[in-house]
Amino acid sequence: MTITPSSIFNDVEKIRENGPLVHNITNYVVMNTTANALLALGASPVMAHAVPEVKEMAGIAGALVINIGTLSDAWIEAMFMAAKKAEQRQIPIVIDPVGVGATQYRTKTARELIQSSGPSIIRGNGSEIMALCEQDIVTKGVDSTSASDQAIDSAKALAREFDCTVCITGKTDYIVSQETIIQVKNGHAMMPRVTGLGCTATAICGAFAAVNKNFEKAAAHAMAIMGIAGEMAAKNAQGPGTLQVNFIDALYQLSETHIKKLFKE
Amino acid sequence: MTITPSSIFNDVEKIRENGPLVHNITNYVVMNTTANALLALGASPVMAHAVPEVKEMAGIAGALVINIGTLSDAWIEAMFMAAKKAEQRQIPIVIDPVGVGATQYRTKTARELIQSSGPSIIRGNGSEIMALCEQDIVTKGVDSTSASDQAIDSAKALAREFDCTVCITGKTDYIVSQETIIQVKNGHAMMPRVTGLGCTATAICGAFAAVNKNFEKAAAHAMAIMGIAGEMAAKNAQGPGTLQVNFIDALYQLSETHIKKLFKE
Amino acid sequence: MTITPSSIFNDVEKIRENGPLVHNITNYVVMNTTANALLALGASPVMAHAVPEVKEMAGIAGALVINIGTLSDAWIEAMFMAAKKAEQRQIPIVIDPVGVGATQYRTKTARELIQSSGPSIIRGNGSEIMALCEQDIVTKGVDSTSASDQAIDSAKALAREFDCTVCITGKTDYIVSQETIIQVKNGHAMMPRVTGLGCTATAICGAFAAVNKNFEKAAAHAMAIMGIAGEMAAKNAQGPGTLQVNFIDALYQLSETHIKKLFKE
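All of these numbers come straight from a predicted model, not from anything done at the bench.

Another point: the overall build of chain A. On a plain count of helices and strands, chain A comes out with eleven helices and eight strands. Relative to the globule expectation of 18 Å for 265 residues, the C-alpha radius of gyration of chain A, 16 Å, shows essentially globular dimensions. Counting only C-alpha atoms, chain A reaches 45 × 40 × 35 Å along its principal axes. Across the 265 residues that make up chain A, the buried fraction comes to 68%.

Structure below.
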């Protein structure tokens with residue numbers, strides 16, 4: 001299975017035309033920046049986490065994105081409720097197990113959410129994907145301490161067990177499904193110095209999954225877009241501050257010409 | 001009733017001189033950006049939502065801004081407490097019914113807040129203002145699906161029922177009171193692609209209402225400033241990322257000359 | 001005791017080499033911007049506030065930063081738990097008493113946290129440091145109404161009582177310990193117009209304290225870096241929007257040459 005500039009841009013156009021509603025239950029750190037990324041790309045983000053409303057919100061959404069970055073008990077309850085509704089409606093569920101392995105609370109929550117909800121896509125860095133699989137992996141906070149390729153076996157195991165696509169991001173991104181692995185080599189070395197670009201990658205997966213039911217391709221397209229926008233942004237960036245601003249601009253500007261010129265598989 | 005560049009700038013100068021304390025109980029997505037907008041304009045924002053302190057904070061504020069963007073039960077309780085205190089002190093209350101119509105939770109909360117607190121100003125997009133009035137309007141998340149002029153009748157009904165100013169933002173902004181309607185035509189097409197600029201408009205209404213007890217004019221001045229700063233920001237923007245940054249700069253730079261040159265009623 | 005460009009840069013290099021994990025329990029307004037500042041400087045931020053996980057997170061961190069900017073009861077419980085763990089592990093604890101004096105809730109919480117945790121560093125603006133000491137100081141929200149030098153006596157009293165370093169930020173920063181006072185005169189007049197730069201100063205203290213156990217020097221180095229990065233950022237800033245973006249870039253770019261050229265003690 002491969003992805004091409006045309007297949008990538010085809011999904012971008014669908015997002016821009018349809019403006020899919022992406023329901024995010026995400027962490028406090030990235031709410032603003034992921035909402036901006038989704039808006040810049042052409043999707044319609046909504047953030048809602050209260051138990052009394054998440055079912056209804058997931059009930060009108062085109063995709064549900066769950067991110068455990070700043071977890072607490074009330075939010076966990078809402079995550080499970082929203083996921084159940086999304087599952088019933090068969091809309092895509094994308095899970096970001098932020099910091100899994102750093103505390104048992106995160107590890108337990110991430111695993112239970114994945115087990116109960118049957119996600120379409122799981123996205124994490126190398127450490128996180130490994131920590132989802134192996135009891136003895138301890139991560140350091142939310143930044144990866146492992147290269148993305150070290151996590152391929154864990155991703156394969158997860159893809160098999162939960163019949164889903166697992167997306168490991170890093171220098172090379174690996175989009176792993178039961179049968180195949182797609183590599184995406186776009187991106188820029190300064191991107192990990194911007195907080196929440198991993199979370200943004202997850203939210204963007206939600207937008208692509210809302211318009212493309214082939215979740216492996218949707219995730220690969222999302223990762224290509226992240227990397228290409230990152231490269232466009234880095235061109236005139238003096239540091240992570242301007243990179244973050246330019247990145248949002250790049251998602252907005254992104255044309256088929258940009259993708260053709262920059263895409264590296 | 002009309003507003004003029006002089007009446008607009010007169011309020012801006014009062015905000016810059018007095019630095020009114022604007023107490024915000026607002027959503028997680030926009031806390032940072034609305035605080036920055038208020039600071040750049042010259043006001044002094046404070047965010048406080050805990051039941052044990054909101055009365056005291058509303059007790060020293062010049063205006064109270066309540067925004068239901070990311071609602072939960074504990075916050076609702078604080079919203080009602082703060083609103084009661086603000087009402088007792090007769091400081092302006094500005095309400096932003098974000099996403100009303102998308103879930104019953106939001107619709108119920110927004111209506112009850114408005115009924116119990118007697119707001120000075122309600123600000124929303126077309127869909128939200130209509131959903132406040134009519135039981136059968138269903139909105140799509142937090143982005144408007146209706147043009148602002150479609151909501152004028154709803155705004156009139158709300159203005160009459162609650163003796164307040166209703167501000168519908170969109171391509172043209174309508175500031176609706178019991179007797180009159182002020183139109184503001186400033187703004188830029190890229191502004192809806194920045195998350196939370198509607199919420200920022202609401203917060204800015206708070207700053208203007210803190211220095212001008214004619215709430216219809218205060219709201220119209222606030223909308224004019226939003227639109228003018230948006231146009232200034234769009235001039236050198238490459239997308240919504242730079243637009244957001246430039247917008248904050250524009251609020252800071254804003255002079256009477258800018259307003260005279262750009263204001264369109 | 002003095003600090004020099006070399007002593008400052010020496011700590012910067014240690015942060016860049018070691019990437020210390022800084023555990024923040026901080027307010028919603030600044031989570032994104034303080035995480036970005038820490039990342040840009042070279043540290044590894046993590047935000048975690050849930051009672052079930054804060055002990056574990058503080059258990060792997062190099063420093064704990066507690067900021068009471070948007071307080072609520074559940075968070076207070078977590079703050080005390082994390083502080084206890086940090087104290088047991090003897091990692092530095094940095095406390096930011098945001099808005100202390102504005103409400104009794106903040107005043108009570110800040111004082112109890114300081115009393116029970118034995119912080120390494122307390123950082124606040126003039127009003128806040130005075131309000132920590134004197135029962136009758138009432139602050140106006142979260143912005144300072146007093147010059148930093150007015151708070152020196154209060155800072156000395158706090159330093160003595162809690163055997164810690166107290167950092168008063170303002171036009172001149174005073175880093176006050178039991179024996180000495182270090183002054184840092186870097187900074188730019190536009191910085192108070194960016195929300196959360198005070199909170200960022202506190203978070204940055206956490207990164208420096210994680211690599212330098214002389215907390216007076218660590219705090220002074222942190223303040224020097226804040227001011228120098230602020231001056232670098234202001235150079236091409238058109239307002240607080242670009243200042244904030246450039247500030248993150250400056251933390252990333254910062255070299256010994258910059259420090260030598262700009263440092264004013």
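It is worth spelling out the interface of chain B and chain A at this point. Listed as interface residues are 28 residues of chain B and, on the opposing side, 26 residues of chain A. When residues of the side of chain B that touches chain A are traced back to their parent elements, those giving at least two are helix H2 (31-41), helix H5 (104-117) and helix H10 (240-253) of chain B. Counting residues per element, the side of chain B that touches chain A draws most heavily on H10(B), at four residues. The residue makeup of the side of chain B that touches chain A, split by class, is ten nonpolar, 14 polar and four charged.

So, on to the packing of helix H6 (residues 126-133) of chain A against helix H7 (residues 152-162) of chain A. In a pair of packed helices, the angle between the axes and the distance between the axes together describe the arrangement. Residues and elements named next belong to chain A. As a packed pair, H6 and H7 sit with axes 8 Å apart at the nearest point and diverge in direction by 50°. Taken together, the axes of H6 and H7 are oblique relative to one another. Crossing geometry of H6 relative to H7 is assigned as left-handed. When H6 is examined against H7, the residues Ile129, Met130, Leu132 and Cys133 are found in contact with a partner set consisting of Ser154, Ala155, Ala157 and Leu158. For the contact of H6 with H7, the residue count by class is seven nonpolar, one polar and no charged.

On to the relation of the copies chain B and chain A. Relative to chain A, chain B is turned by 120° and slid 0.0 Å along the rotation axis, the superposed coordinates differing by an RMSD of 0.0 Å. Viewed as a symmetry operation, the transformation between the two copies matches a three-fold axis. Within chain B, B:Tyr28 has its C-alpha nearest the rotation axis, a separation of 3.8 Å. In this assembly, only 11% of the residues forming the interface of chain B have copies in chain A that are likewise at the interface, indicating a heterologous arrangement.

Bringing the interface of chain C and chain A into the picture now. Facing the 26 residues of chain C at the interface are 28 residues of chain A. Looking at the side of chain C that touches chain A, the elements with two or more residues in it are helix H2 (31-41), strand S2 (44-47), helix H3 (51-60) and helix H10 (240-253) of chain C. Take the side of chain C that touches chain A: its biggest share by element is seven residues, from H10(C). Classifying every residue of the side of chain C that touches chain A gives 17 nonpolar, six polar and three charged.

Let us now look at the sheet that holds strand S4 (residues 93-96) of chain C. All names here are of chain C. With mixed pairing, the eight strands of this open sheet are ordered in space as S2-S1-S3-S4-S5-S6-S7-S8. In this open sheet, the two edge strands, each paired with only one partner strand, are S2 and strand S8 (181-184). Taking the axes of each pair of neighbouring strands and ignoring which way they run, one obtains an average angle of 20° across the sheet. In the sheet, strand S6 (residues 165-169) pairs with strand S7 (residues 173-176) via three bridges, with the strands oriented antiparallel. Bridge pairing in S7 links isoleucine 168 to tyrosine 174. On the sheet, H3 packs against strand S1 (21-25), S2 and strand S3 (63-67) and is oriented at approximately 150° with respect to S1.

Another aspect to go through is the pairing of strand S6 (residues 165-169) of chain A. Residues and elements named next belong to chain A. In terms of residue burial, S6 counts as a mostly covered element, since five of its five residues are buried. Covered by surrounding structure in S6 are Thr165, Cys167 and Thr169 together with Val166 and Ile168, the residues of both alternating faces. Of the strand pairs in this sheet, strand S5 (residues 121-125) and S6 are connected by five bridges, and their pairing is parallel. By the bridge assignment, isoleucine 121 is partnered in S6 with threonine 165. Counting the residues between successive antiparallel strands, the hairpin from S6 to strand S7 (residues 173-176) contains three residues.

This paragraph deals with the environment of A:Met79. Its place among the elements puts A:Met79 in helix H4 (residues 73-89). Through-space distance from the C-alpha of A:Met79 to that of A:Thr195 is 23 Å; in sequence the pair is 116 residues apart.

On to unusual backbone geometry. One non-glycine residue, B:Gln90, lies in the positive phi region at around 55°. Its place among the elements puts B:Gln90 in the loop between helix H4 (73-89) and strand S4 (93-96). With 9 C-beta atoms packed within 10 Å, B:Gln90 lands in the exposed category. Positioned with a positive phi, C:Asp163 is a non-glycine residue whose angle comes to about 50°. With respect to the helices and strands, C:Asp163 occurs in the loop between helix H7 (152-162) and S6.

Okay, the relation of the copies chain C and chain A next. Here chain C sits on chain A after a turn of 120° about the axis and a move of 0.0 Å along it, with an RMSD of 0.0 Å. Little of the interface of chain C is mirrored in chain A, where only 12% of its interface residues are also at the interface.

Turning our attention to the environment of C:Phe247. Residue and element names in this part refer to chain C. By the secondary structure assignment, phenylalanine 247 is in helix H10. Phenylalanine 247 sits in the buried class, given 30 other C-beta atoms within 10 Å. Phenylalanine 247 sits 18 residues away from alanine 229 along the chain, and the two C-alpha atoms are 5.7 Å apart.

Let us look at the pairing of S1(C). Residue and element names in this part refer to chain C. The buried fraction of S1 amounts to five of the five residues, a majority that puts the element mostly inside the structure. Neither face of S1 is open: one carries Leu21, His23 and Ile25, the other Val22 and Asn24, and all of them are buried. Pairing of S1 with S2, which is carried by four bridges, proceeds in the parallel orientation. Across the sheet, leucine 21 pairs through a bridge with serine 44, a residue of S2. Taken together, S1, H2 and S2 constitute a β-α-β crossover, and its handedness is right-handed.

Rules of the game
Residues numbered from 1 in each chain as written. Chains lettered and ligands numbered in written order. Predicted model: local features only at pLDDT ≥ 70, side-chain atom pairs only at ≥ 80, totals over all residues. Helix = DSSP H or I, 4+ residues; strand = E, 2+ residues; numbered from the N terminus. Rg over C-alpha atoms; globule rule 2.2 N^0.38 Å. Buried ≥ 20, exposed ≤ 12 C-beta atoms within 10 Å, placed from the backbone. Contact = placed C-beta atoms within 7 Å. Nonpolar A, V, L, I, M, F, W, Y, C, P; charged D, E, K, R; others polar. Axes fitted to C-alpha atoms, helices over the stretch in contact; angles between N-to-C directions. Parallel < 35°, antiparallel > 145°, perpendicular 65-115°, else oblique. Left-handed = near helix turned anticlockwise from the far one by under 90°. Least-squares fit on C-alpha atoms with pLDDT ≥ 70 in both. Pairing = 2+ DSSP bridges. Right-handed = clockwise from strand over helix to strand, strands pointing away.

Taken by themselves, the reported measurements are silent on function.
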